[in-house]
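A closer look at the structure
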Amino acid sequence: MVSLDNAAIAERLEALAALLDLAGASPYSVRAYRRAGELIRTTPAPVAELVRSGRARELQGIGGGIEARLRELVETGQIAELEELRAEVQPELVGLGRLVGLGPKRMVQLGRALGVSTVDELREAVLAGRLREAPGIGPATEAKVRAALEQPRHSPRRGLTLNRSRPLVAAIASALDGEPAGDPRRWCDTSHRLAVVAAAADPGPVVARFRQLPEIVAIVEEEERRAVGVTVEGVPVELVVASAERYGTELLRATGSGAYVSSLGELPDAPDEQGVFRALGLPYVPPELREEPLDGDPPALVERADIRGDLHVHTTWSDGKASVKEMAEAARDLGYEYLAICDHTRSVRVVPGLDADDLRQQGEEIAAVNEELAPFRILRGTECDILADGTLDLPDDILGELDWVQASVHAGQRGSKADLTRRTLAAVEHPAVRSISHPQGRIINHRPPNAVDLEAVYAACLETGTAVETNGLPDRIDLSGSLVRDAIRAGVLITCSTDAHSVRGLDNMQNSVATARRGWCTAANVLNTRPWSSLAQRS
Ligand SMILES: [Zn+2]
Ligand SMILES: [Zn+2]
């Protein structure tokens, strides 16, 4: 019997899912393994014991097939299919291929044609000019692969959003007893540099463990105290192994940003970051503010614990997955005092939306749940669509009944600056509207920010006492940190919201708060750090 903790079991299932995916298995079984991995990661009880006592299927979503794999893993320490797939689909080449811009199929073909299966063998083949022996490889591809292999600093082809970057570096850091660094530690909305820093007098064993991690399929660079590994998705992760006396120095350097770190000049050696700042004669600067060379002393930034309620969540009334009561109980368990239910309105056609009658019916449900959960307070709210002419998608009488109205543009994000600004300003000036949600409407890696004139929006918000949101959905993060800073400099208040569509989505508050911190927000700059009694009236 092998002792495996839940994280190790989850890693194997996720690795199996990734390889099945590469091998072209049915998306259904890929998803089943991925979900089982996620579930096991968050199960408090030791899953290996459940498996041994034949009780694995008591876990939701674990069927007979997955149970058999789990039994094999717990009994033998490995999953035979996983090892077979590793040989067949060559994750090392797939990861490397994605890093250099070649799809999995093409890369595996290339590996077979050249008889190579590791990074080193591929590098040799490239240097020997053998790449063009492979069918379908022309001079342009050869040049691309060569350039990518020779590049001094690898970065992913697309920035990773927070929901991918932070768990990846966290998992690697915890396996190496290190700490996450790089862009994810600064809560960048898209991470290009992922790093982990570990402390050890002798770096050898740490680098060796890094090489063996299930997340790392290939090592593309290696020095004595530094290595760069790549995931099967082609994402490079840098490992820095620092000596104890220089740990703070190396953590600060690996956290970046490059522009910030170089503004500090030569870094003194120190065992922790506080020591580095002290030696430089500077106050400690939280990672979220280390983007540009600092202009001024860091303020006392808003913290997650300052947040008293979430002002933007959805329920099963529109496209959410949980009921009013389930969302409210979860919010109460997070320590909040209030929660605004803000389902969509009718004109957002892609998902179910509510009209005035629906909102009144929902109001009855909210009143009943409020009686049960008092003193916790559920607010009747809406995420009201801003129509093409700038009017709102609900009549004024119902808007006047609601506790909390926020408005957002959904259709027409690619409209002109004049158009989007006119629509947004009309909503800001509506007496019922308290906040503008996801003002730029961007979807990271998918749709660019819209053309709205934010300066004009901030000026109008200041006049009317309207807030702007920093939306915590990892593919939105809208407003982003630097725009939050512009808003608070203009005197506008921020709402830190999750836009949660499920109970788990409430955790996106950490993304929103981190983004507000990147925008230099104190608790006073954030509307929902206030109790509902003082928030109910517009300031
Ligand atoms: Zn929305
Ligand atoms: Zn929403």
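Below is a short write-up of the structure. Here the structure is a predicted model, which means the values were calculated and not measured. (Residues numbered from 1 in each chain as written. Chains lettered and ligands numbered in written order. Predicted model: local features only at pLDDT ≥ 70, side-chain atom pairs only at ≥ 80, totals over all residues. Heavy atoms only, no water.)

As for the pairing of strand 14 (residues 494-497)
Operational definition: For every residue, the accessible area (1.4 Å probe, protein chains only) is compared with the maximum for its type, and the residue is labelled buried under 20%, exposed over 50%, or partly exposed between those bounds. Put simply, DSSP marks the helices as runs of H or I at least four residues long and the strands as runs of E at least two long, and each gets a number from the N terminus on. In this description, strands pair whenever DSSP reports at least two bridges between them.
Alternating residues of strand 14 divide into I494 and C496 and T495 and S497, and every residue in both groups is buried. In the sheet, strand 13 (residues 467-471) pairs with strand 14 via 4 bridges, with the strands oriented parallel. Residue pairing across strands places N471 opposite S497, the latter belonging to strand 14.

Let's talk about the coordination of the zinc ion (ligand 1)
Stated precisely, the cut-off is as follows: Coordinating donors are taken to be N, O and S atoms lying within 2.8 Å of the metal, or within 3.2 Å when the metal is Na, K or Ca; because water is excluded from the atom set, some sites may appear incomplete.
Protein coordination at the zinc ion (ligand 1): the donors are E383 (OE), H410 (NE2) and H438 (NE2), at 2.1 to 2.2 Å from the metal. Summarised as a motif, the one-chain spacing of the donors to the zinc ion (ligand 1) is E-x26-H-x27-H. Between the zinc ion (ligand 1) and the zinc ion (ligand 2), the interatomic distance is 3.5 Å, and E383 donates to each metal, bridging them. In this pair, E383 sits in strand 10 (residues 377-385) while H438 sits in the loop between strand 12 (435-436) and helix 20 (454-464), placing the two residues 55 residues apart along the sequence. Here E383 matches H438 in class, with each residue buried.

Focus: the pattern of salt bridges
Here is the rule we go by: In what follows, salt bridge is the name for a side-chain nitrogen of Lys or Arg lying within 4 Å of a carboxyl oxygen of Asp or Glu.
Scanning all chains against the criterion turns up 38 salt bridges. A salt bridge links D333 to R332, with the shortest nitrogen-to-oxygen separation between them at 3.5 Å. With relative accessibility at 59%, the residue D333 sits in the exposed group. Judged by relative accessible area, which is 36%, R332 ranks as partly exposed. Here E401 makes a salt bridge to R380, at a shortest N to O gap of 3.6 Å. Remark: R380 occurs in strand 10 and E401 occurs in helix 18 (residues 396-401); sequence separation between them is 21 residues.

Side note on the packing of helix 8 (residues 119-127) against helix 9 (residues 139-150)
In helix packing, the relevant descriptors are the interaxial angle and the interaxial distance, both defined with respect to the helix axes. To be explicit about the condition: For helices, the fitted axis covers only the stretch in contact; all axes are lines through C-alpha atoms, and the angles between them, taken along N-to-C directions, range from 0 to 180 degrees. For classification purposes, an angle smaller than 35 degrees is called roughly parallel, one larger than 145 roughly antiparallel, one from 65 to 115 roughly perpendicular, and anything else oblique. Whether a crossing is left-handed or right-handed is set by the direction in which the near helix is turned from the far one by less than a right angle, anticlockwise for left-handed and clockwise for right-handed. Here, residues are in contact when the closest pair of their heavy atoms is within 4.5 Å. Residues are grouped as follows: Ala, Val, Leu, Ile, Met, Phe, Trp, Tyr, Cys and Pro are nonpolar; Asp, Glu, Lys and Arg are charged; all remaining types, including Gly, are polar.
Relative orientation of the contacting elements helix 8 and helix 9 amounts to 125°, with a least axis distance of 10 Å. Overall, the two elements helix 8 and helix 9 adopt an arrangement that is oblique. Crossing hand, helix 8 versus helix 9: left-handed. Side by side, helix 8 and helix 9 meet where L122, R123, V126 and L127 of the first sit next to V145, R146, L149 and E150 of the second. When the residues that make up the contact of helix 8 with helix 9 are grouped by side-chain class, the tally is 5 nonpolar, no polar and 3 charged.

So, the sheet that holds strand 14
Strand order in this open sheet of 7 strands is 8-9-10-11-12-13-14, and the pairing throughout is parallel. The outermost strands of the open sheet, each flanked by one partner alone, are strand 8 (309-313) and strand 14. Note: strand 9 (residues 338-341) against strand 10, 4 bridges, orientation parallel. Considered in strand 10, the bridge of A340 is made with L379. This element, helix 16 (residues 324-333), spans strand 8, strand 9 and strand 10 of the sheet and lies at about 150° to strand 9.

Brief notes about the packing of aromatic side chains
Convention followed: The pairing test for Phe, Tyr and Trp rings, Trp by its six-membered ring, is centres within 6.5 Å, and the orientation test on the planes gives stacked under 30 degrees, edge-to-face over 60, and tilted for anything in between. Over a ring means this: the NZ of a Lys or the CZ of an Arg is within 6 Å of the ring centre and within 35 degrees of the ring normal.
This model, assessed by the stated rule, comprises 2 aromatic pairs. On the basis of an interplanar angle of 80° and a centroid distance of 5.4 Å, the ring pair of F277 and Y284 is categorised as edge-to-face. With a centroid separation of 6.0 Å and 55° between ring planes, the pair formed by Y338 and W532 is classed as tilted. Placement of the pair is Y338 in strand 9 and W532 in helix 23 (residues 532-535), with a sequence separation of 194 residues. Residue W532 is classed as buried on the basis of its relative accessible area of 12%. Its guanidinium or amino end placed over the ring of W187, R166 lies 3.5 Å from that ring's centre, counting from NZ or CZ. Over the ring of W520 we find R485, and its NZ or CZ is 3.9 Å from the ring centre.

Focus: the nonpolar core
Soluble globular proteins tend to pack their nonpolar side chains together in the buried interior. Defined as follows: Definition used in this section: a nonpolar core is a set of buried Ala, Val, Leu, Ile, Met, Phe, Trp, Tyr and Cys residues joined via side-chain atoms within 4.5 Å.
Ranked by internal contacts, the top residues of the largest apolar core, which has 70 residues, are L339, F376, I378, L392, V468 and C521. What V468 contacts, discounting residues up to four positions off in sequence, is S435, I436, P439, C461, L479, A487, V492, L493, I494 and T495. L19, L59, I66 and L82 belong to the second largest nonpolar core, which has 29 residues in total.

Remarks on the packing of helix 19 (residues 417-429) against helix 20
Running from N to C, helix 19 and helix 20 cross one another at 10°; their axes reach a closest spacing of 9 Å. Relative to helix 20, the element helix 19 is oriented roughly parallel. Contacts between helix 19 and helix 20 involve T421, T424, L425, V428 and E429 from the first element and A456, V457, A460, C461 and T464 from the second. A breakdown of the residues in the contact of helix 19 with helix 20 according to their chemical character gives 6 nonpolar, 3 polar and 1 charged.

Regarding the sheet that holds strand 6 (residues 226-230)
Across the sheet, which stays open at both edges, the 5 strands sit in the order 2-4-7-6-5 with mixed pairing between neighbours. The open sheet has two edge strands, strand 2 (179-181) and strand 5 (218-222), and neither has a second partner. Taken over all neighbouring pairs, the strand axes of this sheet differ in orientation by 25° on average, direction set aside. Helix 12 (residues 204-212) rests against strand 4 (194-199), strand 5, strand 6 and strand 7 (236-242) of the sheet, and its axis sits at about 160° to strand 7. Along the sheet face, helix 13 (residues 247-255) touches strand 2, strand 4 and strand 7 and points at about 175° away from the line of strand 4.

A word on unusual backbone geometry
Most of the time, phi is negative for any residue but glycine, and the peptide bond is trans. Note the cis peptide between G256 and S257, where omega equals -5°. Inspection of the secondary structure puts S257 in the loop between helix 13 and helix 14 (258-263). For the bond from A374 to P375, the omega torsion is 10°, close enough to zero to count as cis. As for its placement among the helices and strands, P375 is situated in the loop between helix 17 (356-373) and strand 10. Even without a glycine there, the phi angle at I477 is positive, about 40°. Positionally, I477 belongs in the loop between strand 13 and helix 21 (481-489). Judged by its relative accessible area of 1%, I477 falls in the buried class.

Looking at the coordination of the zinc ion (ligand 2)
Rules: Site shape is set this way: if four donors have all angles between 85 and 135 degrees, tetrahedral; if opposite donors are over 155 degrees apart and all others between 65 and 115, square planar for four donors and octahedral for six; otherwise irregular.
Note on the zinc ion (ligand 2): its protein donors are H312 (NE2), H314 (NE2), E383 (OE) and D499 (OD). The metal-donor distances range over 2.1 to 2.2 Å. Geometry at the zinc ion (ligand 2) is irregular, judged from its 4 donor atoms and the angles of 83 to 172° they form at the metal. When the donors of the zinc ion (ligand 2) are listed by position in the chain, the intervening gaps give H-x1-H-x68-E-x115-D.

Quick notes on helix 4 (residues 64-76)
For clarity, the threshold we go by: How far a helix is expected to stretch is found by multiplying one less than its residue total by 1.5 Å. What the arc covers is the set of directions going from the helix axis to the C-beta atoms.
Look at helix 4: 18 Å from first C-alpha to last across 13 residues, which is about the 18 Å you get at 1.5 Å a residue. Of all the positions in helix 4, only I66, E67, L70, L73 and V74 are classed as buried. Down the axis of helix 4, the smallest arc covering the buried residues is 125°, so these residues share one side. Packed against the buried residues of helix 4 are helix 1 (6-22), helix 2 (27-42) and helix 3 (47-52). Once helix 4 ends, the next one or two residues include G77, with phi positive near 85°.

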